[in-house]
Amino acid sequence: MMRLRHLISNEHGVTLLEMLIGISILVMGVTMVASPATAVLRQNGDWRADLTAVNSLQLAAGWVAKDIVNTSVISLVDAGAPVGTMTLDWTDLASTSHTAVYALSGSNLVRTFDGAPFVIGRGVTVAEFSLDGQLVTFSMTLNAASGTTDTKTSTHLLRVSP
């Protein structure tokens, strides 16, 4: 028993080598846990950016479809090449005239309704409109924050009313 006490009382702490080995093991353990966690967080951010891009595409296509249904005058040339700007005019049931202009401004697709601009798509690289008979085609390409490129094309029947 006396010998055990002597051994314990002679120990004054931890050596520098033991401390360095302990810290090294701790750092390796933290790195093994943190690496997969950061990869998951990064992938989650990419997924969120792609979802935002798809949502933006759907929102823009919805606005275009709504305005095309109402229009009585369209600025597109039948069977012409796709263009980056489209103007739609119509009169509602209360005899109020409306104008909607779609145009790319920098990287934003802007819908200007009766003079008031509203961004309906962000990060847009291409926005094209074309007319073929009574079919209006709208195509929009945008870059998501994750670096991917998404394109949506929608075609709508134009029912021009006098």
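The structure this text deals with has already been given above.
Scope of this entry: the structure provided in the associated data block. None of the values given here were measured: they were computed from a predicted structure.

**Considering the sheet that holds strand S5 (residues 116-122)**
Strand order in the open sheet formed by 5 strands is S1-S2-S3-S4-S5, with antiparallel pairing between adjacent strands. Unpaired on one side and paired on the other, strand S1 (73-74) and S5 mark the two borders of the sheet. Bridging between strand S2 (residues 85-91) and strand S3 (residues 97-105) involves 7 bridges; their strand directions are antiparallel. Within the sheet, the bridge partner assigned to Thr85 lies in S3 and is Ala103.

**Regarding unusual backbone geometry**
Positive phi, close to 60 degrees, is recorded for Ala79, a residue that is not glycine. Judged by relative accessible area, which is 61%, Ala79 ranks as exposed. At Ser95, a position not held by glycine, the phi torsion is positive, near 65 degrees. Structurally, the position occupied by Ser95 is in the loop between S2 and S3. In this structure Ser95 comes out as exposed when scored by relative accessible area, which is 61%.

**A word on the sheet that holds strand S7 (residues 135-143)**
The sheet built from 3 strands is open, its strands ordered S6-S7-S8 with antiparallel pairing. The two strands at the open ends of the sheet, each matched to only one other strand, are strand S6 (124-132) and strand S8 (149-157). Neighbour to neighbour, the strand axes of the sheet diverge by 10 degrees on average, direction disregarded.

**With respect to the pairing of S6**
Pairing geometry for S6 and S7, over 8 bridges, is antiparallel. When the sheet's bridge partners are listed, Asp132 is paired in S7 with Leu135. Count of turn residues in the S6/S7 antiparallel hairpin: 2 residues, of which Gly133 carries a positive phi of about 70 degrees.

**A word on the packing of aromatic side chains**
Counted according to the given criterion, the structure contains 4 aromatic pairs. The interplanar angle of 45 degrees and the centroid separation of 6.1 Å between the aromatic rings of Tyr102 and Phe129 together place this pair among those described as tilted. With Tyr102 in strand S3 and Phe129 in strand S6, this residue pair connects regions lying 27 residues apart in the sequence. The exposure class of Tyr102 is buried, given its relative accessible area of 0%. According to the relative accessible area criterion, Phe129 is buried, its value standing at 0%. A ring pair is formed by Phe129 and Phe138, whose centres lie 5.2 Å apart and whose planes are at 15 degrees; its orientation type is stacked. Across the pair, Phe138 and Phe129 agree in class, each one buried. Members of the aromatic cluster, joined through ring pairs, are Tyr102, Phe129 and Phe138.

The rules behind each value
- Residues numbered from 1 in each chain as written.
- Predicted model: local features only at pLDDT ≥ 70, side-chain atom pairs only at ≥ 80, totals over all residues.
- Heavy atoms only, no water.
- Pairing = 2+ DSSP bridges.
- Helix = DSSP H or I, 4+ residues; strand = E, 2+ residues; numbered from the N terminus.
- Buried < 20%, exposed > 50% of the residue type's maximum accessible area, 1.4 Å probe, protein only.
- Axes fitted to C-alpha atoms, helices over the stretch in contact; angles between N-to-C directions.
- Phe/Tyr/Trp six-rings, centres within 6.5 Å; stacked < 30°, edge-to-face > 60°.

Function cannot be read off these values alone, since they describe shape.
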